[in-house]
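Next come the chains, spelled out residue by residue.
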Amino acid sequence: MENEHKQEVTRRRFLTMVMGVPLAVGASTPLVLAGGVLNPPKSLRPTPPQMAVAKVEDIKDKPMEFIYDGYPAVIFLKGKEYKAFSRVCTHLGCIVKWNEAENKFECPCHGGIFDADGNVVKGPPPKPLERLTAWVEEGIVLVRQEVS
């Protein structure tokens, strides 16, 4: 004969099982909600602000610095296209500087180097500089953060 081991469900065990489910749901709900707030879906993200930077005649081949949404940025005319970037390094948030002689952005903190298109050339930055979309309306150059 086989010896069957049946585990009795005692009142205490039953109440533990029944109360465990709401406790688990209650404990995990704030974590799920926090995740949604910290990284909302694209449809719920606010539209980046549009900002007038300068008159068309004020922007030349030399970069012009400005503040976009509270952060330093730069814009210049390359050929017939406006190039605008955040000056915040994508490594640790240092402010990059434009090296006119070598036509590149340099991060003074950890040696990161970006080309004139904002792409990483050397160093620890994990991704290119944040690009700002630039366009002209009625003789005024406007910028907005690119939405990814």
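Here, the structure is the one placed above.
The rules behind the values
- Residues numbered from 1 in each chain as written.
- Predicted model: local features only at pLDDT ≥ 70, side-chain atom pairs only at ≥ 80, totals over all residues.
- Heavy atoms only, no water.
- Helix = DSSP H or I, 4+ residues; strand = E, 2+ residues; numbered from the N terminus.
- Contact = heavy atoms within 4.5 Å.
- Areas by Shrake-Rupley, 256 points an atom, 1.4 Å probe, with all protein chains shown as cover.
- Pairing = 2+ DSSP bridges.
- Axes fitted to C-alpha atoms, helices over the stretch in contact; angles between N-to-C directions.
- Patch = residues over 30% accessible without salt bridge, like charges linked within 9 Å, V, L, I, M, F, W, Y side chains within 5 Å.
- Salt bridge = Lys/Arg side-chain N within 4 Å of Asp/Glu carboxyl O.
- Buried < 20%, exposed > 50% of the residue type's maximum accessible area, 1.4 Å probe, protein only.

Colleague: Honestly, the overall build of the protein in this entry has me stumped. Any pointers?
Modeller: Looking only at helices and strands, one finds 1 helix and 10 strands in the protein. Listing every helix and strand of the protein by position from the N terminus yields α-β-β-β-β-β-β-β-β-β-β. Intrachain contacts of the protein at a sequence separation of at least 6 include 39% that bridge at least 24 residues. Of the roughly 10700 Å² that the protein leaves accessible, carbon and sulfur atoms contribute 57%.

Colleague: What should I look at first to understand the sheet that holds strand E5 (residues 97–99) in this one?
Modeller: As a general point, the strands of a sheet are linked pairwise by backbone hydrogen bonds and lie either parallel or antiparallel. The strand order E5-E6-E7-E8 describes an open sheet built from 4 strands, whose pairing is antiparallel. With partners counted over all chains shown, the strands left at the sheet margins are E5 and strand E8 (120–122), one partner each. Here the average twist between neighbouring strands, direction ignored, is 35°. Taken together, the 3 bridges between strand E6 (residues 104–106) and strand E7 (residues 113–115) define a ladder with antiparallel strand orientation. Its bridge partner lying in E7, Phe-105 is registered against Phe-114.

Colleague: Quick question: what am I supposed to make of a nonpolar patch on the surface here?
Modeller: On the surface, Val-9, Phe-14, Leu-15, Met-17, Val-18, Met-19 and Leu-23 cluster together into a nonpolar patch covering about 700 Å² of accessible area. If you trace the backbone, Val-9 turns up in the segment before helix H1 (11–38).

Colleague: Explain the pattern of salt bridges to me, please; I cannot follow it from the model alone.
Modeller: Where charged atoms from two side chains of opposite charge come close, those side chains can pair. Inspection of the entire model under this criterion finds 7 salt bridges. Across the salt bridge formed by Glu-65 and Arg-87, the nearest N and O atoms sit 3.3 Å from each other. Here Glu-65 is found in strand E2 (residues 64–68), whereas its partner Arg-87 is found in the loop between strand E4 (81–86) and E5, with 22 residues between them in sequence. Classification of Glu-65 by relative accessible area gives exposed; the value is 55%. One salt bridge in this structure joins Lys-83 and Glu-81, with 3.9 Å as the shortest N-O distance.

Colleague: Is there a simple way to explain the pairing of E4 in this structure?
Modeller: As a general feature of sheets, a regular strand has side chains that alternate between the two faces. The element E4 is extensively covered by neighbouring structure, given that 5 of its 6 residues are classed as buried. As paired strands, strand E3 (residues 71–78) and E4 are joined by 6 bridges and run antiparallel to one another. Residue pairing for E4: Val-74 is matched across the bridge by Phe-85. Hairpin connection, E3 to E4: the antiparallel pair is bridged by 2 residues, and Gly-79 has positive phi, about 70°. Of the pairings in the sheet, the one linking E4 to strand E9 (residues 131–137) comprises 2 bridges and is antiparallel in character. Directly across from Ala-84, in E9, lies its bridge partner Leu-132.

Colleague: Can you help me understand unusual backbone geometry in this one?
Modeller: Apart from glycine, the bulk of residues carry a negative phi angle, and the bulk of peptide bonds sit in the trans form. In the Ramachandran plot, Asp-69 falls in the positive-phi region, its phi being about 55° despite a non-glycine side chain. Note on placement: Asp-69 falls in the loop between E2 and E3. Of note in the backbone geometry, Asn-103 takes a positive phi value of approximately 55° without being a glycine. Along the polypeptide, Asn-103 turns up in the loop between E5 and E6. Judged by its relative accessible area of 42%, Asn-103 is partly exposed.

Colleague: What should I look at first to understand the sheet that holds strand E1 (residues 50–55) in this one?
Modeller: Reading across the sheet, the 6 strands line up as E1-E10-E9-E4-E3-E2 and stay open at both edges, with antiparallel pairing between neighbours. Of all strands in the sheet, those bounded by a partner on one side alone are E1 and E2. If you compare each strand with its neighbour and ignore which way they point, the axes differ by 35° on average.

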